[in-house]
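Inside the fold
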Amino acid sequence: MTITSELRDDGIRVVTMSAPPVNALTVQGWFDVAAALDAASTDLDTKVVVLRAEGKGFNAGVDIKEMQNTTGFDALLGANKGCYAAFKAVYECAVPVIAAVNGFCVGGGVGLVGNADCVVASDDAYFGVPEVNQGALGAATHMARLVPQHMMRTLYFTARTIKAADLVQFGSVLEVVPREELFEAALRVARDIAAKDTRVIRAAKEALNGIDPINVNKSYRWEQGFTFELNLMGVADELRDDFAGTDKSKEKK
């Protein structure tokens, strides 16, 4: 698993997630994403960030297998802290973050994208928060930045997904393009931003965060508390075991 960060000559920094097979990040993976975005903030040569992924999809959330193979609550607490750090780093990055979303973007992936400043997606991209299936809660804060309130609640309670093309009508996805054109579409937006005075853009990012009606960091932390409660009750373990059993039955077929 690798999180890479490359600064181009035009001031566009490209942060790429690559964690085969589905970009489900380990605890360390989430902290690595946070570190890459934090480094972008402090690098004055970075004018804008494109956050993208290699492989089948953008992000499948936390690595459930890591939790299943870890005794106690260390992996859960680590994932909570790692996701919080990564989402916070995207939101508080001193320069705009453009999310280039391909394929599936679920769970923690929605946390990253919901906190981004601009979203472009491939025509096979879709979003979802299936946390209730796993006995966990989280990323409703960020899904609410992508869809209206009632849609968010419906998606959350049902664990349904929504296509990127359907998000264009809400204005949360800028455009949907063929997958092979996704990176270039993200770069087009990034170039427009990079062409501006970076001092103004950095000030604008701070100003826009300052007028947000919701404190996304505090809101997400509130959600995480319920995940820990469900784990203490044993509900999450039961649902994860059921999920693992379902996966094994699929493998046999």
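On a predicted model such as this, the values are computed, not experimentally measured, just so you know.

Rules behind the numbers
- Residues numbered from 1 in each chain as written.
- Predicted model: local features only at pLDDT ≥ 70, side-chain atom pairs only at ≥ 80, totals over all residues.
- Heavy atoms only, no water.
- Pairing = 2+ DSSP bridges.
- Helix = DSSP H or I, 4+ residues; strand = E, 2+ residues; numbered from the N terminus.
- Axes fitted to C-alpha atoms, helices over the stretch in contact; angles between N-to-C directions.
- Buried < 20%, exposed > 50% of the residue type's maximum accessible area, 1.4 Å probe, protein only.
- Arc of directions from axis to C-beta.
- Contact = heavy atoms within 4.5 Å.
- Disulfide = S-S within 2.5 Å.
- Right-handed = clockwise from strand over helix to strand, strands pointing away.
- Phe/Tyr/Trp six-rings, centres within 6.5 Å; stacked < 30°, edge-to-face > 60°.

1. A few points about the sheet that holds strand 6 (residues 118–122)
- Read from one edge of the open sheet, six strands run 1-2-3-4-6-9, paired in mixed fashion. Each of the sheet's edge strands pairs with one partner strand only, and the pair in question is strand 1 (2–7) and strand 9 (175–177). Shown here is a sheet whose adjacent strand axes are inclined to one another by a mean of 20°, direction ignored.
- Bridging between strand 3 (residues 48–53) and strand 4 (residues 97–101) involves three bridges; their strand directions are parallel. By the bridge assignment, Val-49 is partnered in strand 4 with Val-97.

2. Side note on helix 7 (residues 149–158)
- Of the positions making up helix 7, those classed as buried are Met-152, Leu-155 and Tyr-156. For helix 7, the buried positions fall inside an angular range of 100° around the axis, keeping them on one side. Away from its buried face by more than 90 degrees, helix 7 exposes His-150 and Phe-157.
- Just past helix 7, the residue Ala-159 takes up positive phi, approximately 65°.

3. Observations regarding the side chain of Ser-41
- On the secondary structure map, Ser-41 appears in helix 1 (residues 27–42).
- Overall, the relative accessible area of 16% leaves Ser-41 in the buried class.
- Every residue in contact with Ser-41, bar those within four places of it in the chain, is listed here: Glu-92, Cys-93, Ala-94 and Arg-202.

4. Focus: the sheet that holds strand 7 (residues 126–128)
- Reading across from one edge, 5-7-8 is the order of the three strands in this open sheet, with mixed pairing throughout. Each having just a single partner strand, strand 5 (104–106) and strand 8 (161–163) make up the two edges of the open sheet. Sheet twist, expressed as the mean angle between neighbouring strand axes with direction ignored, is 20°.
- In this structure, strand 7 lies alongside strand 8, joined through three bridges in antiparallel fashion. Bridge pairing in strand 8 links Tyr-126 to Lys-163.

5. A short note on the state of the cysteines
- In the structure shown here, the tally under the stated rule is zero disulfides.
- With no disulfide of its own, Cys-93 lies closest to Cys-118 among cysteine sulfurs, the gap being 14 Å.
- Cys-93 sits in the buried class, given a relative accessible area of 1%.

6. Thoughts on the pairing of strand 3
- Across the six residues that make up strand 3, a large majority, six, are buried.
- Taken together, the six bridges between strand 2 (residues 12–18) and strand 3 define a ladder with parallel strand orientation. Bridge pairing links Ile-12 to Val-48 in strand 3.
- Traced from strand 2 through helix 1 to strand 3, the parallel crossover comes out right-handed.

7. Looking at the packing of aromatic side chains
- This model, assessed by the stated rule, comprises three aromatic pairs.
- Measuring from centroid to centroid gives 5.8 Å for Trp-30 and Phe-87, while their planes differ by 90°, and the two rings are edge-to-face. Of this pair, Trp-30 sits in helix 1 while Phe-87 sits in helix 3 (residues 74–92), and the two are 57 residues apart along the sequence. This pair shows no difference in class: Trp-30 is buried, exactly as Phe-87 is.
- Measuring from ring centre to ring centre gives 5.0 Å for Phe-87 and Tyr-220, while their planes differ by 55°; the resulting arrangement is tilted.

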